[in-house]
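This is what each chain is made of:
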Amino acid sequence: MAQDNIVVGVDIGSTKITVVAAHGTSTGSRFDNIEILGFSEVLVPEGAVINGSVENIKQVGSAIREALAEASSRSDLDIGIVNVSFSGTHVRVTPQSDGVIRPTSSTGDEVTQRDVDQLVDDMYRAKTEANYDVLHVLPMEFVVDNSTGVREPVGRTGIKLGGNFLIVSANNQSIQRTKKSLLEADPHLKFDKMIYAPLATSLAVLDEGEIKAGIAMVDIGDHTTDLVIYQDGIIRHIASFPIAGRHITADLRLGCGVQPENAEKLKKEHGMAISSEVPLNIEVLVNFLAGRPPKQVLKKNVALIIEERLKEISAMVYAEILKSGYEEHLIGGIVLTGGTANIPDIELLFEKVTNMPVRVGLPERLAHTAKADAVSNTSFSTAIGLAWAGIKSIDPRVKSICKPPVHQSAPLREAPSKPKEFKKVPKEDGSFWDRIIGRKDDSIGDY
């Protein structure tokens, strides 16, 4: 098949690796949709990725290898280059400002795209914490001479060009472990872009109208909840919280007295975000130990436990929105995504806590195919966003928001034969319980 405009996204999550191979479809010079060519979802062992950061290179590499093989078999592609996500509580987002005297300013020339890109490139040398590397430079407003709050500086005349930026940096040891896990999967595998996971997710679940009007995207994953605020088409604020889906599972495990895998099943199959909607007399039977009768669990209790934790998460998100100062500018309200966003009525709970309009965001702008139907859920949002990042810019005002990769891009290769099959690795969840009975698992750390 033709290889033009084919991009592969590899999302390294705390519980699984998701891969999407996609092809951009366009009308004229604009890409309107993407066609899903291949996809896969492979679990990683418990503890291999903690709070979004790779901890066991060998285990994560094995899961990536299996996921790439499965995606290759579905797309007839031999995958050689990918866009990969990074995330975790080690990621830092800080506002910084800088400015330069333009070398052509004495002749009265207008600000060029090259001037803007050079200013952004200079910000990759911005001062950060020790052992941290700058991976994204996200421009907010620019300054041209005495004109502040300039959204589009190209074409303006001025001597000084400056800007206000959000600098996304990450622990270099964590980033190196991510890169090594890719090499563990395939020594010849290269990556084009390394993208902070919430930014990639935004590309998949938000539309341009929301981004311009003002929107808060909330990605509730397994270990962390991420917040990205857009206003006037610009990323204004980013935050992350170490409380997410696994904490709900841990609450159910201790609150209902069941094993982690049963708690996860209760959450996915019987969970509700609003307990008042659940009758008192509905029981769920849980087969939890061999040789013993099933355990009876009230569905009402399951909903009560989930509701309390989701109230905490939504309150933390709302407090951060207030802190950002953009609450009044978020006309579009909140878009929820991530695996936990599948809990029924979660948008109603967030609306009650935040008093803002809320919707659950699924991947947008997918060409209608059977493969698209298979990935049209919150689990694949980040991987699809990584594919979009190879087709469209997160911020079209600059050449790229990503630090240039070590490896140069190479085209995808036709698969010479069907990839080898790999066995999936099972996972067991483990977490903490604090709100209902007042206990906390210290192995996870403070929250």
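> I'm lost on empty space enclosed by the protein in this one. Help?
It is a probe the size of a water molecule, rolled over the atoms, that shows where empty space is left. All chains considered together, the criterion is met by two cavities of 30 Å³ or more. One number sums up the size of the largest cavity: a volume of about 50 Å³. Listing elements by their share of the lining of the largest cavity, those giving two or more residues are strand E9 (132-144) and strand E15 (234-241). A breakdown of the residues in the lining of the largest cavity according to their chemical character gives six nonpolar, one polar and one charged. As a volume, the second largest cavity reaches approximately 40 Å³. As for the second largest cavity, its lining consists of Ile 12, Gly 52, Ser 53, Val 54, Ser 85, Phe 86, Ser 87, His 90, Ser 174, Ile 175 and Thr 178. Of all the secondary structure elements, the ones that give two or more residues to the lining of the second largest cavity are strand E5 (53-54), strand E7 (81-86) and helix H3 (172-185). Take the lining of the second largest cavity: its biggest share by element is three residues, from H3. Residue composition of the lining of the second largest cavity, by class: four nonpolar, seven polar and no charged.

> Explain helix H4 (residues 197-205) to me, please; I cannot follow it from the model alone.
At 3.6 residues per turn, the α-helix brings residues three or four places apart onto the same side. Across the nine residues of H4, nine count as buried, placing the element largely inside the fold. Ala 197, Pro 198, Leu 199, Ala 200, Thr 201, Ser 202, Leu 203, Ala 204 and Val 205 are the residues of H4 that are buried.

> Explain the packing of aromatic side chains to me, please; I cannot follow it from the model alone.
Aromatic rings in a pair are described by how distant their centres are and how their planes are angled relative to each other. Per the counting criterion, the structure on display carries three aromatic pairs. Ring centres 6.0 Å apart and planes at 90 degrees place the aromatic pair Phe 39 and Phe 380 in the edge-to-face group. Here Phe 380 lies in the loop between helix H10 (370-375) and helix H11 (381-389) and Phe 39 lies in strand E3 (residues 30-43), a separation of 341 residues in the sequence. As far as burial versus exposure is concerned, Phe 39 and Phe 380 are alike and both buried. Its guanidinium or amino end placed over the ring of Phe 39, Arg 74 lies 4.2 Å from that ring's centre, counting from NZ or CZ. The lysine or arginine in question, Arg 365, covers the ring of Trp 388, its NZ or CZ lying 4.8 Å from the ring centre.

> Mind showing me how you'd approach unusual backbone geometry here?
With the exception of glycine, the majority of residues adopt a negative phi angle, and the majority of peptide bonds are in the trans configuration. Unlike most non-glycine residues, Asn 51 shows phi in positive territory, near 50 degrees. If you trace the backbone, Asn 51 turns up in the loop between strand E4 (49-50) and E5. Positive phi values are uncommon outside glycine, yet Asn 131 reaches one of about 70 degrees. What makes Asn 131 exposed here is its relative accessible area of 52%.

> Mind showing me how you'd approach the sheet that holds strand E10 (residues 147-150) here?
Think of a sheet as strands paired side by side through backbone hydrogen bonds, with each pair either parallel or antiparallel. What the four strands build is an open sheet, ordered E8-E11-E9-E10; its pairing is antiparallel. Each of the sheet's edge strands pairs with one partner strand only, and the pair in question is strand E8 (92-101) and E10. Adjacent strand axes in the sheet meet at a mean angle of 40 degrees, parallel and antiparallel pairs treated alike. Of the strand pairs in this sheet, E9 and strand E11 (residues 160-171) are connected by ten bridges, and their pairing is antiparallel. Among the inter-strand pairings, Phe 142 is bridged to a residue of E11, identified as Gly 163.

> I'm lost on the side chain of Glu 320 in this one. Help?
Topologically, Glu 320 is positioned in helix H8 (residues 299-324). Within the buried set, Glu 320 has no salt-bridge partner at all; the shortest N-O distance to an opposite charge, 4.2 Å, is to Lys 323.

Reading the values: the criteria
- Residues numbered from 1 in each chain as written.
- Predicted model: local features only at pLDDT ≥ 70, side-chain atom pairs only at ≥ 80, totals over all residues.
- Heavy atoms only, no water.
- 1 Å grid on protein atoms, 1.4 Å probe; cavity = no way out; pocket = protein on both sides within 12 Å on 5 of 7 lines; lining within 4 Å.
- Points joined across faces, edges and corners; volume = space filled by probe spheres on them.
- Helix = DSSP H or I, 4+ residues; strand = E, 2+ residues; numbered from the N terminus.
- Nonpolar A, V, L, I, M, F, W, Y, C, P; charged D, E, K, R; others polar.
- Buried < 20%, exposed > 50% of the residue type's maximum accessible area, 1.4 Å probe, protein only.
- Phe/Tyr/Trp six-rings, centres within 6.5 Å; stacked < 30°, edge-to-face > 60°.
- Lys NZ or Arg CZ within 6 Å of the ring centre and 35° of its normal.
- Pairing = 2+ DSSP bridges.
- Axes fitted to C-alpha atoms, helices over the stretch in contact; angles between N-to-C directions.
- Lys, Arg positive; Asp, Glu negative; His and termini not counted.
- Salt bridge = Lys/Arg side-chain N within 4 Å of Asp/Glu carboxyl O.

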